[in-house]
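Fold and contact review
Listed below are the residues making up each chain.
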Amino acid sequence: MTMKMLKEFETLCLRALTAFLCLLILVQSCASQKKLQQIRAQKDGVEISPISDADDSLAASENIQSEAISKVDSLPQDKPIIMNAILDEETGEMVATEELMASMIVSRRYQVAERNGKIDLPFEILVPKRLQDSKWQLRLVPDLTLSGIGYRDTTALEPVYITGEEYRNRQLRGYEQYERFLGRIITDSSRLVYRFQLEQFLKRNLPEVYKLKTDSTYVTETDFYSRYDVSAQEALDHYTKGWLVNSNERLIADKDRRFHRYVKSPIVEEGIRLDTVLVNPDGDCIYRYVQTIDTRKDLKYAYIALEGSIWDQDQELYIMPRTDSIEYPVSSLSHFVKDITRYKMKTVWRRQEANSSYNISFDIGRDRIDPQLGSNAAELERIKANLRSVLNDDVFDLDSIIVSASCSPEGRYAYNRKLSQGRTSNVCDYFSAFMKEYVDSVKAERGFSVDEAGNVVHEQNIAAVPLVARHTPENWKLLDRLVETDPSMDVEARNSYSRLASAYASEPDRREQMMRRESWFNYVKDELYPKLRVVNFNFNLHRKGMVEEFVRTEEVDTLYARGVQLLRDRDYDAALEILSGYDDYNSAIAYMAKDRNRSALDCLEKEEETADVLYLKAILLSRFARDEEACDCYKRACEMDGSYVFRGNLDPEITLLIKKFGLNKELGL
């Protein structure tokens, strides 16, 4: 065979192989199109169902296996009916019989239990073989709906991708093409200049600069220019390959467009539950999905449904019909919470005191109240409002009011003593007049009434209340506290004040005199002295109708009630923080909810063995693998309260015992 004939033979073989491959691709494409048409016509889709053979730690799904029943409504005319027959041993007659296949009815309900503030929602995604194709990607998105009292919220869960082998290969080829494109972008800046010409220029014209080629000493741009009368950038720009820089910049600017051109369907790596590649789909694909959620207040049900679609790279070929929802009734330990009212002892004293401070301003050296001075009008009205409130109190009677006025340390101590006495006396006179006027007005307003017998009934009058005068000439104690807590005074100033206060504690005039020499005095005089000119009201009261000095009484423990409500609301951390100090039945439930089983069992051991207590103990003992004791507690709970026979199927710990030891048979189920 000549060389020419050999080449012609090779060409012929290559053409035949190419034609065969094209034909194969065409056949595969036609097969995919035909499959897609059938899927659309039948409105095919994936299926979801509860995990029928889930782990024993999960509540069992309600799978019911029943025999099918055959019923003939009418006989077809002129056509024989052929059935199997057996001999009835009692009658000796042949009886028609057919062995019917059992059918599986899978409930759409799946009971789940909340544990440690979490709930597991298990389900299976079934992808039939007819939906799988090497060219396709199936994108399946479950959505979760939480339903409780007053809310119904839906959120999308992490999707599941089922990817065909050829689909993935095309994705990878797209990434390879994009990587080849990125390889064309120049990242080494030295390739963008005529390096040899630049070095020769520097060697001939700027030999001092050329020496820097092997010198690691850093030279700033300014220093370079001042030494050689030419900037480094100017030299670099002159020998830069401008056309290559422009070309490289165009490539960089084209990166995003090229990525979307080559990678039509990016490989998702985050926010996805599964992306599995099926190489040879020879059967149905089943994926087990378990979604764990945090519990919520008043959560009753959770629902999961599935939406899906078929994709060929960036083209959506088919949207699957939405599946029916799986319903998850949620059982919670909060079901066992009891409304227990606890009381605590409280000592109620007959006599009470109430203190209030008011800033009434006085002119320097004056003791008369001026309602127009500063903020006196508002402050006086605030005092009057408090007096009216105390005089009309339904629980307490007012015995007396102690009024005490104080002055700032300005001036001599003897003068300030007289001034504070005068101010206190004037305050007492002012508010004595106010209370007398108020009591008279209330008395006139109440008047009298006539009862059914015609007798005149006088309303109880408000008793007059004495005001007792006290005074504090110079309120040094308050000034000490103000200085100690004032953020505007630095440590040195506060220490200086403390030294003077200690040295002249018994000499107020000398102390004030020494303070005037300090740099911080003006600040103290302007900012802190006015706060010392206050009037204190001390209200002495007693409870109406109470004779004894004190009585001990019970009142509802509102803190415990709040802990119980938090437990009902499934805020277990906050509930346990309160209830851990009580060690009772509800405390045990809070401990159980947080998986603190030893503490929970200790609490229940102190309780009377009711059906509720025994059932909870059965759960706890099961967690400790004390199965025999757990079974005994569960059976005793069921004997006391038959409803626990059915409740046992809702709690995974009890369900495990029922399956393991056949407890339902013992209980007659």
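Residues numbered from 1 in each chain as written. Predicted model: local features only at pLDDT ≥ 70, side-chain atom pairs only at ≥ 80, totals over all residues. Heavy atoms only, no water.

Description of the pairing of strand S12 (residues 285–294)
Of the two faces of S12, the one lined by Cys285, Tyr287, Tyr289, Gln291 and Ile293 is fully buried and the one lined by Ile286, Arg288, Val290, Thr292 and Asp294 carries no buried residue. Pairing geometry for strand S7 (residues 118–127) and S12, over 10 bridges, is antiparallel. Among the inter-strand pairings, Ile119 is bridged to a residue of S12, identified as Ile293. (Buried < 20%, exposed > 50% of the residue type's maximum accessible area, 1.4 Å probe, protein only. Helix = DSSP H or I, 4+ residues; strand = E, 2+ residues; numbered from the N terminus. Pairing = 2+ DSSP bridges.)

So, the sheet that holds strand S22 (residues 535–543)
The strand order across the open sheet built from 4 strands is S17-S22-S18-S21, with neighbouring strands paired in mixed fashion. If you trace the sheet from one side to the other, it starts and ends with strand S17 (351–358) and strand S21 (467–474), each paired once. On average, each strand axis in the sheet is tilted by 20° relative to the strand beside it, whichever way the strands run. Sheet topology note: the strand S18 (residues 396–407)/S22 ladder contains 9 bridges and is antiparallel. For Asp397, the partnering residue across the bridge sits in S22 and is His542. On top of the sheet, helix H9 (residues 376–391) reaches S17, S18 and S22; it is set at about 170° to S17, its chief contact. (Axes fitted to C-alpha atoms, helices over the stretch in contact; angles between N-to-C directions. Contact = heavy atoms within 4.5 Å.)

What about the pattern of salt bridges?
Two side chains that carry opposite charge are able to pair once their charged atoms sit near each other. One pass over the structure, following the stated rule, counts 41 salt bridges. Here Arg130 ties to Asp44 by a salt bridge, and the two come within 2.7 Å at their closest N and O atoms. In this pair, Arg130 sits in the loop between S7 and strand S8 (137–148) while Asp44 sits in the loop between helix H1 (3–42) and strand S1 (47–49), placing the two residues 86 residues apart along the sequence. (Salt bridge = Lys/Arg side-chain N within 4 Å of Asp/Glu carboxyl O.)

Quick look at helix H11 (residues 476–485)
Since one α-helical turn is 3.6 residues long, residues separated by three or four positions face the same way. Burial in H11 covers these residues: Trp476, Leu478, Leu479, Leu482 and Val483. One face of H11 carries all of its buried residues, which in axial projection span an arc of 155°. Among the exposed residues of H11, those oriented more than 90 degrees off its buried face are Lys477, Glu484 and Thr485. Where H11 is buried, its residues meet S21, helix H12 (491–503), helix H13 (508–515) and helix H14 (521–528). (Arc of directions from axis to C-beta.)

Examining the confidence of the model for the chain
On average, residues of the chain carry a pLDDT of 81, and 77% of them reach 70 or more. Note that pLDDT drops below 50 for residues 53–87; the model gives that stretch 61 contacts with residues more than four away or on any other chain. Every residue in residues 94–105 scores below 50 in pLDDT, and together they form 31 contacts with partners more than four places removed in sequence or on other chains. (pLDDT = per-residue confidence, 0-100.)

Digging into the environment of Lys338
Checked against the element boundaries, Lys338 lands in the loop between strand S15 (326–331) and strand S16 (343–349). Remark: the alpha-carbon pair of Lys338 and Val564, spanning 226 residues in sequence, is separated by 8.0 Å. Beyond its immediate stretch of four places on either side in the chain, Lys338 contacts Val564, Arg568, Tyr585, Asn586, Thr610 and Asp612.

Description of the side chain of Ser400
Looking at where Ser400 falls in the secondary structure, it is placed in strand S18. You can call Ser400 buried: its relative accessible area is 14%. Excluding anything up to four places from it in sequence, Ser400 contacts Val465, Pro466, Asn538, Phe539 and Asn540.

Focus: the environment of Phe396
Its location among the elements puts Phe396 in strand S18. Distance from Phe396 to Leu541, taken between C-alpha atoms, is 6.0 Å for residues 145 residues apart in sequence. In this structure, Phe396 is in contact with Gln352, Val390, Leu541, His542, Arg543 and Lys544, ignoring residues within four places of it in sequence.

Re the packing of aromatic side chains
All chains considered together, the criterion is met by 19 aromatic pairs. Aromatic side chains Tyr497 and Trp520 sit 5.9 Å apart centroid to centroid with 70° between the ring planes, which places their arrangement in the edge-to-face category. Taken together, the positions of Tyr497 in helix H12 and Trp520 in the loop between H13 and H14 put the pair 23 residues apart, joining distant regions of the chain. Under the relative-accessibility criterion, Tyr497 is labelled buried at 3%. Judged by its relative accessible area of 7%, Trp520 falls in the buried class. (Phe/Tyr/Trp six-rings, centres within 6.5 Å; stacked < 30°, edge-to-face > 60°.)

Some points on unusual backbone geometry
The backbone of Asp298 sits at a positive phi, close to 60°, despite the residue not being glycine. On the secondary structure map, Asp298 appears in the loop between S12 and strand S13 (299–312). Since its relative accessible area comes to 22%, Asp298 is described here as partly exposed. Unlike most non-glycine residues, Arg570 shows phi in positive territory, near 65°. Within the secondary structure, Arg570 is located in the loop between helix H15 (558–568) and helix H16 (572–579). You can call Arg570 buried: its relative accessible area is 10%.

Some thoughts on the environment of Arg170
Here Arg170 lies in helix H2 (residues 165–183). Looking at Arg170, the relative accessible area reads 28%, which means it is partly exposed. Remark: the alpha-carbon pair of Arg170 and Ser265, spanning 95 residues in sequence, is separated by 8.9 Å. The contacts of Arg170, once residues within four sequence positions are left out, are Asp312 and Gln313. Within the structure, Arg170 has its side chain in polar contact with the side chain of Asp312 (distance 3.0 Å). (Polar contact = N/O pair within 3.5 Å; in protein donor to acceptor, adjacent residues only side chain to side chain.)

So, the state of the cysteines
Scanning the model with the defined rule gives 0 disulfides in all. Cys631 carries a free sulfur, and the closest cysteine sulfur to it, the one in Cys633, is 9.6 Å from it. The exposure class of Cys631 is buried, given its relative accessible area of 8%. (Disulfide = S-S within 2.5 Å.)

Some details on helix H19 (residues 611–623)
Given a rise of 1.5 Å per residue, 13 residues ought to cover 18 Å, and the 19 Å separating the end C-alpha atoms of H19 matches this to within 8%. A large share of H19 lies buried, amounting to 12 of its 13 residues. The elements touched by buried residues of H19 are strand S6 (112–115), helix H17 (585–593), helix H18 (597–605), helix H20 (627–640), helix H21 (644–647) and helix H22 (652–661). A positive backbone phi angle near 65° is found at Ala625, which sits one or two residues after H19. (Expected span 1.5 Å × (residues − 1).)

Some remarks on the packing of H16 against H17
Direction vectors running N to C along H16 and H17 enclose 140°, while the axes themselves pass 9 Å from each other. What the angle tells us is that H16 and H17 run oblique. Viewed along their axes, H16 and H17 form a crossing whose handedness is left-handed. Where H16 abuts H17, its residues Tyr572, Leu576 and Leu579 lie against Asn586, Ser587, Ala590, Tyr591 and Ala593. Looking at the contact of H16 with H17 residue by residue, the class counts come to 6 nonpolar, 2 polar and no charged. (Parallel < 35°, antiparallel > 145°, perpendicular 65-115°, else oblique. Left-handed = near helix turned anticlockwise from the far one by under 90°. Nonpolar A, V, L, I, M, F, W, Y, C, P; charged D, E, K, R; others polar.)

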